[in-house]
Amino acid sequence: QAAFAAECMADDLAVAVHMDPLEFRMKNCMPEGYVDPHTHVACNTYGLKECMEKGRNYIHWDEKRKEYENQTGPVRKGIGMAIFCYKTGVYPISLETASCRMVLNQDGSMQLQMGATEIGQGADTVFTQMAAETTGITEDKVHILSTQDTDITPFDTGAYASRQTYVSGMAVKKAGLIFKDRILDYAAYMLDKEKDTMDIQNNVVVDKESREKLLDMAELATTAFYSLDRSIHITAEATSHCKDNTFATGACFAEVEVDMPLGKVKVTNIVNVHDSGTLINPKLAEAQVHGGMSMGLGYALSEELLFDKSGRPLNDNLLDYKLPTSMDTPDLHVQFVELDDPTGPFGNKALGEPPAIPVAPAIRNAVLNATGVAVDSLPLDPQKLVAHFKAAELI
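So, how was this worked out
Residues numbered from 1 in each chain as written. Predicted model: local features only at pLDDT ≥ 70, side-chain atom pairs only at ≥ 80, totals over all residues. Heavy atoms only, no water. Core = buried A, V, L, I, M, F, W, Y, C linked by side-chain atoms within 4.5 Å. Buried < 20%, exposed > 50% of the residue type's maximum accessible area, 1.4 Å probe, protein only. Helix = DSSP H or I, 4+ residues; strand = E, 2+ residues; numbered from the N terminus. Contact = heavy atoms within 4.5 Å. Phe/Tyr/Trp six-rings, centres within 6.5 Å; stacked < 30°, edge-to-face > 60°. Lys NZ or Arg CZ within 6 Å of the ring centre and 35° of its normal. Axes fitted to C-alpha atoms, helices over the stretch in contact; angles between N-to-C directions. Left-handed = near helix turned anticlockwise from the far one by under 90°. Pairing = 2+ DSSP bridges. Expected span 1.5 Å × (residues − 1). Parallel < 35°, antiparallel > 145°, perpendicular 65-115°, else oblique. Right-handed = clockwise from strand over helix to strand, strands pointing away. Salt bridge = Lys/Arg side-chain N within 4 Å of Asp/Glu carboxyl O.

(A) Just the nonpolar core, in detail. If you look at the biggest cluster of nonpolar residues, it comprises 38 residues, and the most contacted ones within it are Met-102, Leu-112, Phe-179, Ile-183 and Leu-220. Elements with a contribution of two residues or more to this core: strand S2 (97–104), strand S3 (110–114), helix H5 (123–135), helix H6 (164–191), strand S5 (198–201), helix H7 (217–226) and strand S8 (235–241). If one sorts the elements of this core by residue count, H6 sits on top with 11 residues. In this view, Ile-183 contacts Leu-104, Ile-137, Ile-200, Met-217, Leu-220 and Ile-234; residues no more than four positions away in its chain are not counted. With 34 residues, the next largest nonpolar core counts Met-260, Leu-332, Val-359 and Ala-362 among its residues.

(B) Region of interest: the packing of aromatic side chains. With the rule as written, the count across this model stands at 3 aromatic pairs. With a centroid separation of 6.3 Å and an interplanar angle of 40°, the aromatic rings of Phe-225 and Tyr-226 are classed as tilted. Cation over ring: Lys-173 sits above Phe-346, and NZ or CZ is 5.0 Å from the ring centre. Looking at Arg-230, its charged tip hangs above the ring of Tyr-189, at a distance of 4.9 Å from the centre.

(C) The packing of H5 against H6, seen in detail. Relative to each other, H5 and H6 sit at 30°, their axes nearing to 9 Å. Our pair here, H5 against H6, has a crossing hand that is right-handed. Two secondary-structure elements touch here, H5 through Ala-123, Val-126, Phe-127, Met-130, Ala-131, Thr-134 and Thr-135 and H6 through Gln-164, Thr-165, Ser-168, Gly-169, Val-172, Lys-173, Gly-176, Leu-177, Phe-179 and Lys-180.

(D) Region of the structure containing the environment of Ala-5. Along the polypeptide, Ala-5 turns up in helix H1 (residues 2–16). The exposure class of Ala-5 is partly exposed, given its relative accessible area of 47%.

(E) Representation of the pairing of strand S11 (residues 333–336) within the structure. Here S11 shows one buried face, formed by Val-334 and Phe-336, and one open face, formed by His-333 and Gln-335. As paired elements, strand S10 (residues 264–275) and S11 share 4 bridges and run parallel to each other. Considered in S11, the bridge of Asn-272 is made with Val-334.

(F) Just H6, in detail. Under the 1.5 Å per step criterion, the end-to-end length of H6 is 38 Å for 28 residues, consistent within 8% with the ideal 40 Å. After H6 finishes, the residue Asp-192 shows a positive phi value of roughly 55°.

(G) Representation of the packing of H6 against H7. Orientation of H6 relative to H7, taken along the N-to-C sense of each, is 85°, at an axis distance of 11 Å. With respect to each other, H6 and H7 are oriented roughly perpendicular. Where H6 approaches H7, its residues Ile-183, Tyr-186, Ala-187 and Met-190 are matched on the opposing element by Met-217, Glu-219, Leu-220, Thr-223 and Ala-224.

(H) Molecular detail of the sheet that holds S3. What the 4 strands build is an open sheet, ordered S4-S3-S2-S8; its pairing is mixed. Of all strands in the sheet, those with a lone pairing partner are strand S4 (142–144) and S8, marking the two edges. Within this sheet the neighbouring strands show an average axis-to-axis angle of 20°, counted without direction. Relative to S3, S2 is paired through 5 bridges, and the arrangement is antiparallel. Looking at S3, one finds that Leu-104 is bridged to Met-110.

(I) Region of the structure containing the pairing of S3. Side-chain alternation along S3 places Met-110, Leu-112 and Met-114 on a buried face and Gln-111 and Gln-113 on a face that remains uncovered. Across 3 bridges, S3 lies against S4 in parallel orientation. Within S4, the position partnered with Leu-112 by the bridge is Ile-144. In this fold, S3 hands off to H5, which returns the chain to S4; that crossover is right-handed.

(J) The pattern of salt bridges, seen in detail. Per the counting criterion, the structure on display carries 19 salt bridges. Salt-bridge contacts for Arg-230 lead to Asp-185; the nearest nitrogen and oxygen are separated by 3.3 Å. Of this pair, Arg-230 sits in the loop between H7 and S8 while Asp-185 is found in helix H6, placing the two residues 45 residues apart along the sequence. The salt bridge partner of Glu-286 is Lys-283, with a shortest N-O separation of 4.0 Å.

As structure tokens, then:
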């Protein structure tokens, strides 16, 4: 909601001073290394300007802005954009903490226990990747339970604020390093070698220098459980009490066709460009952006919860609350700018909520470009648009 207000105002200001809205934003972006004076969160990596340039080239911004000047007639085309900046998690406003537990099974596989909840965003997949990357145990040998039980899983504050790969992911990394060290410690006992000379690769303990295979993980695990000399159940648990944060940024570029007599906005081309640090899983990242963009389209064009004077919702059902369907959704395009953020466990930062943020103002600004009419509330439904176009004497 705040981004909608700010980004609509940015375009209105650009129009008032006769400046290209993209150039207006370029001039007013905070620089890399900027430290927020209120939260003290720093722009350690900052790809916003690169996102804007990538979107500009992808959608042919300069050519289209020129092409859509001085239009006449009832149907007009326009192109608009909006940017956003979003923290990763809630620190320092509130606590960010998460824990992870790893347990070595008898066959050399691993149980990965997380309090962080999988709600469809791909968290379990990413945690599995992180555990495999950190320990050397392959992903097919990492078993994570998606139905977390608070009686037995380690604590996590929740699935909110686009935080899990950043905060909970750091817990996975910390636990993984401890877990790996304990496995290698047992390998050193079995092989009578120095722990620091060994590594784990594809479920095998190997020589760190030559990569020679020394010991299969299944054999190590079985020995650790059943050794008459030294029976150890190898586990590790770690907490990430996150006392850092970083900014995810990005932009949306939208091209529209506006039928003014009908008050109909058709999105003909749209792209989100995101700086979310290093992508842990590019396909999941793309899917996440598609979902957020779909939410943004509904927010922009059709969704509105109506209430009567007593506060009772009037359209609290899926017949009257107008969600966009597949028939209402254009092809959704996604681009990324990958920068390795030093504060993330693997250079990553937020991508949960950011995709939904810039879509609505980008569409509103495209309507402004097409018609010269600034609409300052959502949704941009036919009744509202026709009223605005009549007031502007366009119809």
